[in-house]
Amino acid sequence: MLTLTENATLVIKSITGVEGAPDGAGVRISQENPADPALAVTTTEAPQPGDQVVEDAGARVFLEQNAANALDDKILDAAVDDKGGVEFLLVPQPGPSNGAAPTP
């Protein structure tokens with residue numbers, strides 16, 4: 001399952017916790033075509049039917065089914081640039097699913 005870094009948690013909470021946002025708002029990641037690696041990231045009030053929900057320290061990420069499958073073994077990180085733009089980064093999780101040797 002997708003995991004979030006502390007930075008990703010803080011950034012997601014800051015963009016979904018603005019005044020007037022409904023409780024339970026989150027970031028939704030979707031992938032229209034499983035053969036295309038492009039992902040779309042949007043803010044939304046609630047998950048769509050069938051979305052996988054990842055919650056960490058109050059940050060909520062909703063994963064459309066294709067995106068959930070593609071990101072199952074990834075870590076989501078985030079950063080804010082000097083102009084206030086948000087950049088998300090995906091990295092492989094350590095462990096046997098990414099080809100690394102298992103840790104004893």
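Provided above is the structure to which this section pertains.
Residues numbered from 1 in each chain as written. Predicted model: local features only at pLDDT ≥ 70, side-chain atom pairs only at ≥ 80, totals over all residues. Heavy atoms only, no water.

Participant: So what exactly am I meant to see when it comes to the side chain of Arg28 here?
Facilitator: Along the chain, Arg28 turns up in strand S2 (residues 26–30). Here the side chain of Arg28 touches Asp51 through a polar contact of 2.7 Å, side chain to side chain. Excluding residues that lie within four positions of it along the chain, Arg28 makes contacts with Ala40, Val41, Thr42, Thr44, Gln48, Asp51, Phe62 and Glu64. (Helix = DSSP H or I, 4+ residues; strand = E, 2+ residues; numbered from the N terminus. Polar contact = N/O pair within 3.5 Å; in protein donor to acceptor, adjacent residues only side chain to side chain. Contact = heavy atoms within 4.5 Å.)

Participant: Honestly, the nonpolar core in this entry has me stumped. Any pointers?
Facilitator: A general tendency of soluble globular proteins is for nonpolar side chains to be buried together. With 16 residues, the main nonpolar core has Leu2, Leu4, Ile12, Ile29, Val61, Leu63 and Leu76 as its most contacted residues. Elements with a contribution of two residues or more to this core: helix H1 (6–16), S2, strand S5 (59–63), helix H2 (65–70) and strand S6 (74–80). When residues no more than four places from it in sequence are discounted, the contact partners of Leu2 are Val54, Val61, Leu63, Leu71, Asp72, Lys74, Ile75, Leu76, Leu90 and Gln93. (Core = buried A, V, L, I, M, F, W, Y, C linked by side-chain atoms within 4.5 Å. Buried < 20%, exposed > 50% of the residue type's maximum accessible area, 1.4 Å probe, protein only.)

Participant: It is not clear to me how the environment of Ala38 should be interpreted in this structure. Could you clarify?
Facilitator: Tracing the backbone through its elements, the reader meets Ala38 in the loop between S2 and strand S3 (40–44). A sequence separation of 29 residues divides Ala38 from Ala67, and the C-alpha atoms of the two residues are 9.5 Å apart.

Participant: Looking at this structure, how should I read the pairing of strand S4 (residues 52–56)?
Facilitator: Every regular strand shows the same layout, with side chains that alternate between the two sheet faces. Inspection of the sheet shows S4 paired to S5 by 5 bridges, in the antiparallel sense. The residue of S5 that forms the bridge with Glu55 is Arg60. In sequence, S4 turns back onto S5 through a hairpin of 2 residues, with Ala57 there showing a positive phi of about 50 degrees. (Pairing = 2+ DSSP bridges.)

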